[in-house]
Each structure stands twice: as structure tokens, then as C-alpha cells.
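# Fold and geometry: a report
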Amino acid sequence: MRVVFMGTPDIAATCLKKLIADGHQVVGVFTKPDAQKNRGMKLIFSPVKEYAVAQNIPVYQPVRLREPETMEVLRQWKPDVIAVVAYGKILPQEILDLPEKGCINIHASVLPALRGSGPVQWSILNGFSETGVTAMYMAAEMDAGDVIEIRKTPIDPEENAKELLDRLAVIGGELLSDTLWAVEAGTANRTPQDASGVTFAPMLEKSMSPIDWNKSAWEISCQVRGLNPWPVATAEVRGTLLKVYRVKVMETKTDAAPGTILSVTKTGLAVAAGDGTVVELRQVQAQGGKRMEATDYFRGHPLQ
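## Some details on the overall build of the protein
Counting secondary structure elements, the protein contains eight helices and 15 strands. Each principal axis of the C-alpha atoms in the protein carries an extent, and together these give about 70 × 50 × 30 Å. Counting only residues that meet the buried cut, the protein has 48% of its 304 residues in that class. Within the protein, contacts between residues at least 6 apart in sequence are counted, and of these 63% link residues at least 24 apart. For the protein, the exposed area adds up to about 15,300 Å²; of that, 51% sits on carbon and sulfur atoms. One finds the centroid of the 33 positive side-chain charges in the protein at a distance of 6 Å from the centroid of its 35 negative side-chain charges.

## With respect to the pairing of strand E2 (residues 25-30)
Summarising burial for E2: five of the six residues are buried, a large majority. As paired elements, strand E1 (residues 2-7) and E2 share five bridges and run parallel to each other. Looking at the pairing, Arg-2 lines up with Gln-25 of E2. Regarding topology, helix H1 (residues 10-21) serves as the crossover connection from E1 to the parallel E2, and that connection is right-handed. Taken together, the two bridges between E2 and strand E5 (residues 59-60) define a ladder with parallel strand orientation. Following the sheet pairing, Val-29 is matched in E5 by Val-59.

## Structural notes on helix H7 (residues 217-226)
Residues spaced three or four apart along an α-helix point in a common direction, a consequence of the helix completing one turn every 3.6 residues. Of all ten residues in H7, eight are buried; the element is thus mostly enclosed. Contact partners of the buried residues in H7: helix H5 (119-125), helix H6 (161-185), strand E10 (233-237), strand E11 (240-253) and strand E14 (277-286).

## Section: the environment of Gly-289
Considering the arrangement of structural elements, one finds Gly-289 in the loop between E14 and strand E15 (292-293). Separated by 47 residues in the primary sequence, Gly-289 and Leu-242 place their C-alpha atoms 9.7 Å from one another.

## Quick word on the packing of aromatic side chains
Each aromatic ring pair is characterised by the separation of its centres together with the angle its planes make. Scanning the entire structure with this criterion turns up three aromatic pairs. Ring geometry for Phe-30 versus Trp-77: centroids 5.7 Å apart, planes at 80°, classification edge-to-face. Here the residue Phe-30 occupies a position in strand E2, and Trp-77 occupies one in helix H3 (residues 68-77), the gap between them amounting to 47 residues. Trp-77 carries the same exposure label as Phe-30, and that label is buried. Put simply, the rings of Phe-30, Tyr-60 and Trp-77 pair up and form one aromatic cluster. Above the ring of Tyr-137, the side-chain terminus of Arg-190 is found at 4.0 Å from the ring centroid. When the ring centre of Tyr-245 is taken as reference, the NZ or CZ atom of Arg-291 above it lies at 3.9 Å.

## Notes on the pattern of salt bridges
Considering all chains together, one arrives at 13 salt bridges under this definition. Between Arg-115 and Glu-141 there is a salt bridge, and its shortest N-O distance comes to 3.4 Å. Here the residue Arg-115 occupies a position in the loop between strand E7 (103-107) and H5, and Glu-141 occupies one in the loop between strand E8 (130-137) and strand E9 (147-154), the gap between them amounting to 26 residues. Salt-bridge contacts for Arg-282 lead to Glu-280; the nearest nitrogen and oxygen are separated by 2.3 Å. Salt bridges linked by common partners bring Glu-149, Arg-151 and Asp-178 together as one network.

## Examining the environment of Asp-296
Mapped onto the secondary structure, Asp-296 falls in helix H8 (residues 294-300). Along the sequence, Asp-296 and Lys-248 sit 48 residues apart, while their C-alpha atoms lie 16 Å from each other.

## Description of helix H2 (residues 47-54)
All of the buried residues along H2 are Val-48, Lys-49, Tyr-51 and Ala-52. The arc enclosing the buried residues of H2, seen along the axis, measures out at 165°, which places them on a common side.

## A short note on the environment of Ala-185
Tracing the backbone shows Ala-185 in helix H6. For the pair Ala-185 and Met-1, spaced 184 residues apart in sequence, the C-alpha to C-alpha distance is 10.0 Å.

## Section: the pairing of E10
Counted residue by residue, E10 has four buried out of five residues, so it is predominantly covered. What sits between the antiparallel neighbours E10 and E11 is a turn of two residues, in which Arg-238 has the positive phi angle 50°.

## Points about the sheet that holds E2
Taking strand neighbours across the sheet as the criterion, the seven strands line up as E5-E2-E1-E6-E7-E8-E9 in an open arrangement whose pairing is mixed. The sheet terminates laterally at E5 and E9, the two strands that pair on one side only. Pairing of E8 with E9 involves seven bridges; the strand directions are antiparallel. Pairing of Gly-132 across the sheet is with Lys-152, part of E9. Those strands touched by H6 are E1, strand E6 (81-85), E7, E8 and E9, and its axis lies near 30° from that of E8.

Scoring rules and cut-offs
- Residues numbered from 1 in each chain as written.
- Predicted model: local features only at pLDDT ≥ 70, side-chain atom pairs only at ≥ 80, totals over all residues.
- Heavy atoms only, no water.
- Helix = DSSP H or I, 4+ residues; strand = E, 2+ residues; numbered from the N terminus.
- Buried < 20%, exposed > 50% of the residue type's maximum accessible area, 1.4 Å probe, protein only.
- Contact = heavy atoms within 4.5 Å.
- Areas by Shrake-Rupley, 256 points an atom, 1.4 Å probe, with all protein chains shown as cover.
- Lys, Arg positive; Asp, Glu negative; His and termini not counted.
- Charge placed at Lys NZ, Arg CZ, Asp CG, Glu CD.
- Pairing = 2+ DSSP bridges.
- Right-handed = clockwise from strand over helix to strand, strands pointing away.
- Phe/Tyr/Trp six-rings, centres within 6.5 Å; stacked < 30°, edge-to-face > 60°.
- Lys NZ or Arg CZ within 6 Å of the ring centre and 35° of its normal.
- Salt bridge = Lys/Arg side-chain N within 4 Å of Asp/Glu carboxyl O.
- Arc of directions from axis to C-beta.
- Axes fitted to C-alpha atoms, helices over the stretch in contact; angles between N-to-C directions.

As far as function goes, none of this settles anything; it's purely spatial.
Here it is, written out as C-alpha cells:
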């Protein structure tokens, strides 16, 4: 079965590698145009392009999909199916209708929950204990297609968004590979999504970074983990704005007002949170400084 793969970031590259390793016939790859980076404005390949070029797979990088050239490239590649993982562009209907066996998408949530661009981060921000990966047939509406299969996994209470995404990428690669075999064999399931369960995972914003100490220690932990590696939670400590990369929910309770610094401990900085809970800052970064363990930072910046 001839497969055209569309994707851009690391999670997509992981899935593409799995397809190649499992022997699927990937005849071409779509990925976003090369990005300019740093002062030299050097063009940087996407992770998907890097791998595709190394495997001698043809790569196409359209700025817009609604161009005659895009359809001409796809017709030349003659895909039986199109597989999409975090491509970053919405496919127009004429592309959705092109392959005989349809367009398959891998989405990092248990649909219909958390449709949108940030499902991994929002699964942590919302305090979920479980998430997963969904394989579905693509439809015109975003992440609304019929479900083929869902594979679930627990979220570790210490896991941040980057760590969870890396795990889901592996699960997603295995699911996509198995799904393509099922589509080829004609055994793939097709279950409409339950519209009553739809929720959304919008793009993250820097305005989400400041920690609200009135929230419980657990809610603050979810914020810190969900916003790591971007845009990263922040806290002002004695007039210094710190990025907060890691915290620990403490078992102790306090009567102190939320936001009160309780103590510098052997493992970080204990701060009163809402509902009498305590959260400990474990890893921080000051503006212009390096990311470091909180114990090291406060050793060099002692609090009176």
C-alpha cells in the first residue's frame, strides 16, 4: 500500500521511523517549510524532513496546500492512503478525498476529549490521571473523524509535557503502523465520535505562566508540568522572576497565607499554596541565568 506521510515535529518523526522500520511503503513526505533560526537566519529542517532525507524519501514543503502544484505532486505519488501526524496544516477537502483508502490521523488524546493543538499539555493542566492516542479517519472538521482505535496510558504524577509527549510518540508510532496494516487488510474499525464528550485543547500562551498561589499544590504541580518545556510556569520570589521547571507536592500542611515562603529546605523552597497545602520549588531559572536545582540557586541567592 502506497503511503504519503504528513508531519513536522519530533512526535511525527518517531511515527515515520516506525512506519519505515515495519516495512510500510512511504512514497513521499509532506512537512512544513524550513524554519529560520538564530541571528544567522540559518534554515533548519524539521525532524520529519531530516529523517526523510536520510532515508531518500521525496519531500515536499508547500507554503499553502490549496495550490494546483500540491494536488499534482500527490497525483504523481499516487497514495492509497495519507497518514498525518502533527503536520501543522489543515487538509482541504480535495486532499481528503484523493486517496482511495482515506486519510488517517494520529492524535495524542482520547477523543473526543481534547481536540486541538495542545492535547498533551492540557491533559496534564487539567489534572488527568490518564490519556492516550487515537487513530481516526480525517474529516473536514478538526479532529472530528471516525475513530479507528484508541490506546490509553496513565499519566505519572511527576511527568511533564515533554516526557509524556515522548512516550505518546512511541505509542502513536505503533498505533499508526498497526492501523495502516488494518486499513490495507480492510479490517479497520470505524466508530463515530460522541459529540456530547467533545472538549478542546487550545494553543498555549505565555499569559498562562504566572503561578496563582491560591491554587492547591496539586493544581500548581499540574501547571508547572503542563507548561514544561513551553511557555514554562513563573513565580516571583522576593522581587526576582523565576521560571519554574519542577515542583513537588508536599505532604505537610500549613496555616500560612498562599504565597508565603515557608523555608529553604534540603531539596528546594517550600511555599504555602491554597487549601493549606504546600508546594516545593525544585528546579528554577532566573532571567539571564542557567536552569538549575533550586537548592543550588538559593544557596547562591540566600533569602533573609
